[in-house]
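# Reading the structure
Below are the chains, spelled out letter by letter.
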Amino acid sequence: MTEILLIRHGETDWNVDKRLQGHIDIGLNAQGRQQATLLGQSLASEPLDAIFASDLQRARDTAQAVAQRQGLTLQIEPALRERCYGGFEGLRHDEIAQRYPQDYAAWKAREFDARYPAGERMAETLREFSLRAIAAVTGLVSHGNYRKIAIVAHGGVLECIHRWAKQIDFAQARDFDILNASVNRLHWDGEQLHIRQWGDVAHLKTAVLDEVDR
């Protein structure tokens, strides 16, 4: 059994603005930095064997606040990145709807194999992203002899992991929260992830933001 603390990065200005980040490397805002500090304080006594993070700075900086308290070296895993949204990236939700109405409708319908228009990068389909996210998380626990680890990633990664653990199809609307700097506790039994606690933000003294679209 390996216990996993799956954590979403702290808040960014683009979260507040409902602007899609994807692979764009946006940093934490003042609220997000405070959330990271509170997160690090709350996990200081957790006996972590390792801490991993996406290479995007909003996840990396959130994780570093935990690693510092633990005296651990942060390990970077690019496969933990958010989904690449192609031409959607950098746009507000209403701008996407106006510029790409058909693709926006496919996004809202959570069409599994829809590929949005390319931007600076080619977009991933939801199927491609989900497979990547699941492989990244399960690979970390499968290839290491860990009792407890922390993984700091992105809202989309958390959604993929929750749905896989609960066997919830993407066709179903999301009915669980994905909160900035939330701690989500899972166990890995060698084959499957099991959710023990989800959406814990008791360590935060400020408001949290649920940015990932339902």
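To keep things clear, this report deals only with the structure shown in the data block. (Residues numbered from 1 in each chain as written. Predicted model: local features only at pLDDT ≥ 70, side-chain atom pairs only at ≥ 80, totals over all residues. Heavy atoms only, no water.)

## Quick notes on the state of the cysteines
A complete count under the given rule lists zero disulfides for this structure. Between cysteine 84, a cysteine without a disulfide, and cysteine 160, which holds the nearest cysteine sulfur, the sulfur-to-sulfur distance is 14 Å. A relative accessible area of 1% means that cysteine 160 is categorised as buried. (Disulfide = S-S within 2.5 Å. Buried < 20%, exposed > 50% of the residue type's maximum accessible area, 1.4 Å probe, protein only.)

## Looking at the pairing of strand β2 (residues 50–53)
Burial along β2 is two-sided: the face carrying Ala50 and Phe52 and the face carrying Ile51 and Ala53 are both buried. Alignment of β2 against strand β4 (residues 148–153), held across four bridges, turns out to be parallel. Paired with alanine 53 across the bridge in β4 is valine 152. This β-α-β element, β2 to helix α3 (residues 57–70) to strand β3 (residues 75–76), shows right-handed connectivity. (Helix = DSSP H or I, 4+ residues; strand = E, 2+ residues; numbered from the N terminus. Pairing = 2+ DSSP bridges. Right-handed = clockwise from strand over helix to strand, strands pointing away.)

## Quick notes on the side chain of glutamine 21
Along the chain, the position of glutamine 21 falls in the loop between α1 (13–16) and α2 (30–42). Excluding residues within four positions of it along the chain, glutamine 21 makes contact with His9, Thr12, Trp14, Asn15, Ile26, Arg58 and Glu89. (Contact = heavy atoms within 4.5 Å.)

## As for the pairing of strand β5 (residues 183–188)
Of all six residues that make up β5, five are buried, and the element is covered over most of its length. Inspection of the sheet shows strand β1 (residues 2–8) paired to β5 by six bridges, in the antiparallel sense. By the bridge assignment for β5, isoleucine 4 is matched with leucine 186. In sequence, β5 turns back onto strand β6 (residues 193–200) through a hairpin of four residues, with glycine 190 there showing a positive phi of about 105°.

## What to know about the pattern of salt bridges
Within the structure shown, the criterion is met by 16 salt bridges. The salt bridge involving arginine 185 is made with glutamate 3; its shortest N-O contact spans 3.1 Å. Taken together, the residues span a long stretch of sequence, with arginine 185 in strand β5 and glutamate 3 in strand β1 at a distance of 182 residues. Comparing arginine 185 with glutamate 3 shows no difference in burial state: the two are buried. (Salt bridge = Lys/Arg side-chain N within 4 Å of Asp/Glu carboxyl O.)

## A look at the packing of aromatic side chains
This model, assessed by the stated rule, comprises nine aromatic pairs. Seen from their ring centres, phenylalanine 88 and tryptophan 107 are 5.7 Å apart, and the 55° between their planes marks the pair as tilted. On the criterion of sequence distance, the pair formed by phenylalanine 88 in the loop between β3 and α4 (93–99) and tryptophan 107 in helix α5 (residues 101–108) is long-range, its members being 19 residues apart. A relative accessible area of 0% means that phenylalanine 88 is categorised as buried. (Phe/Tyr/Trp six-rings, centres within 6.5 Å; stacked < 30°, edge-to-face > 60°.)

## Regarding the nonpolar core
Formed by 29 residues in total, the largest nonpolar core has its most connected members in Ile4, Leu80, Val137, Ile151, Ile161 and Leu193. At the level of elements, β1, β2, α6 (126–142), β4, α7 (155–166), β5 and β6 are the ones that each hand at least two residues to this core. For this core, the element with the most residues is α6, which contributes eight residues. (Core = buried A, V, L, I, M, F, W, Y, C linked by side-chain atoms within 4.5 Å.)

## Considerations on the sheet that holds β4
Strand order in this open sheet of six strands is β3-β2-β4-β1-β5-β6, and the pairing throughout is mixed. Among the strands making up the open sheet, the edge pair consists of β3 and β6. As defined by bridge partners, β1 adjoins β4 across six bridges and the pair is classed as parallel. Note that in β4 the partner of leucine 6 across the bridge is isoleucine 151. Here α3 sits on the sheet and contacts β1, β2, β3 and β4; the angle it forms with β2, its principal contact strand, is near 165°. Packing of α7 onto the sheet brings it into contact with β1, β4, β5 and β6, and relative to β6 it is tilted by some 135°. (Axes fitted to C-alpha atoms, helices over the stretch in contact; angles between N-to-C directions.)

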